[in-house]
Amino acid sequence: MLGLKRLGLLAALVVVGLAPAAAAQAGAQPSTQDTQYLQAMHQVNLTEMETGKLAQEKGQNQQVKDLGAQFVTDHTQLDQTVQSTAQQLNVQLPDAPTADQQEVIDRLKNLSGAEFDKAWVTAELAGHVQAIQATQTEISQGSEQSVVQLAQNALPVLQAHYDALVALAQTLGVPVPQTSASGTPSPGGSATTPAPGGTTESPAPGGTESPAPGGTTESPAPENTETPAPSVS
């Protein structure tokens, strides 16, 4: 009888011991939204670390050099959190920026002087607009608390970067994307032509320099909106 009680106690201890592990394993199944955000932010960080180094090496304006150095520091720290969170959740991270992001990096490598400074600020504005939108989407739609918390911590850093870029853009005469009605930067990769009306739809987390939904940012002329009724044969 004592032996049975002891076995029962051991079984209970085993179940109790396994419960946290089972719970952790069950919790380590992030949603598609959480997974895509981690992957997208890792690629953003890889891009920002690379372009930040380019700013330090090729920038003519000292503010460009200083901001590039700040981006390298901040995005390195952000990426450490992204990598540790992804590891805990068994999320496989890409090992390189997206094709669009790499294209931006390659284009910047071929520029120098004032031309580089303006192109760098333009590219950084577009990249940070999309990173901010993807982060806001994660905060509102994410389900894994650790990833949502990561996004909440990243947002003020990204916003501070964007604000610094806006100030620098005004100094260099670089066009700045308008903000939408919700107070967030307008979507779209181009920093030269803001989307009229400022749509609040966020791009996919992995998106880079895609235009605003609908393709063109130019509204049709008023006379083009009236079409004759179709004839019925």
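Residues numbered from 1 in each chain as written. Predicted model: local features only at pLDDT ≥ 70, side-chain atom pairs only at ≥ 80, totals over all residues. Heavy atoms only, no water.

Draft legend 1. Fine view of the overall build of the protein. Looking only at helices and strands, the protein features six helices and zero strands. Helices and strands in the protein line up, N terminus first, as α-α-α-α-α-α. For the protein, the proportion of its 233 residues judged to be buried stands at 40%. Residue pairs in contact within the protein that sit at least 24 positions apart in sequence constitute 73% of those at least 6 positions apart. Total accessible area on the protein is roughly 12,600 Å²; 54% of this is exposed by carbon and sulfur atoms. (Helix = DSSP H or I, 4+ residues; strand = E, 2+ residues; numbered from the N terminus. Buried < 20%, exposed > 50% of the residue type's maximum accessible area, 1.4 Å probe, protein only. Contact = heavy atoms within 4.5 Å. Areas by Shrake-Rupley, 256 points an atom, 1.4 Å probe, with all protein chains shown as cover.)

Draft legend 2. Structural context of the environment of Leu125. Assignment of secondary structure puts Leu125 in helix α5 (residues 113–141). Take Leu125: its relative accessible area is 0%, and that puts it in the buried class. For the pair Leu125 and Ala169, spaced 44 residues apart in sequence, the C-alpha separation works out to 8.7 Å.

Draft legend 3. Examining the packing of helix α3 (residues 62–88) against α5 more closely. Here α3 crosses α5 at 35°, and the two axes come no closer than 11 Å. Note that α3 runs across α5; the crossing there is left-handed. Note on element contacts: α5 touches α3 through Phe116, Asp117, Trp120, Val121, Glu124 and His128, opposite Val64, Leu67, Gly68, Phe71 and His75. Here the contact of α3 with α5 is built from residues that sort into six nonpolar, three polar and two charged. (Axes fitted to C-alpha atoms, helices over the stretch in contact; angles between N-to-C directions. Left-handed = near helix turned anticlockwise from the far one by under 90°. Nonpolar A, V, L, I, M, F, W, Y, C, P; charged D, E, K, R; others polar.)

Draft legend 4. Up close: the packing of helix α2 (residues 32–58) against helix α6 (residues 145–172). Taken N-terminus to C-terminus, the directions of α2 and α6 make an angle of 40°; their axes are 11 Å apart at the nearest point. Relative to α6, the element α2 lies oblique. Handedness of the α2/α6 crossing: left-handed. Seen from α2, the contacting residues are Asp34, Tyr37, Leu38 and Met41; seen from α6, they are Val147, Leu150, Ala151, Ala154 and Leu158. The residue inventory of the contact of α2 with α6, partitioned by class, reads eight nonpolar, no polar and one charged. (Parallel < 35°, antiparallel > 145°, perpendicular 65-115°, else oblique.)

Draft legend 5. Focus on unusual backbone geometry. Non-glycine residue Asn90 carries a positive phi angle of around 60°. Within the secondary structure, Asn90 is located in the loop between α3 and α4 (99–109). The class for Asn90 is exposed, based on a relative accessible area of 62%.

Draft legend 6. Seen up close, the nonpolar core. Counting 40 residues, the largest nonpolar core has Tyr37, Leu38, Val64, Phe116, Trp120, Val121 and Leu125 as the members making the most contacts within it. Among the elements of the structure, α2, α3, α4, α5 and α6 are those that each provide at least two residues to this core. Among the elements that line this core, the one with the most residues is α6, at 11 residues. Discounting residues that sit within four places of it in the chain, Val64 has contacts with Ala55, Gly59, Phe116, Asp117, Trp120, Val121, Leu168 and Leu172. (Core = buried A, V, L, I, M, F, W, Y, C linked by side-chain atoms within 4.5 Å.)

Draft legend 7. A look at the side chain of His161. By the element assignment, His161 lies in helix α6. Judged by its relative accessible area of 4%, His161 is buried. Sequence-distant contacts of His161, defined by excluding residues within four places in its chain, comprise Phe71, Asp74, His75 and His128.

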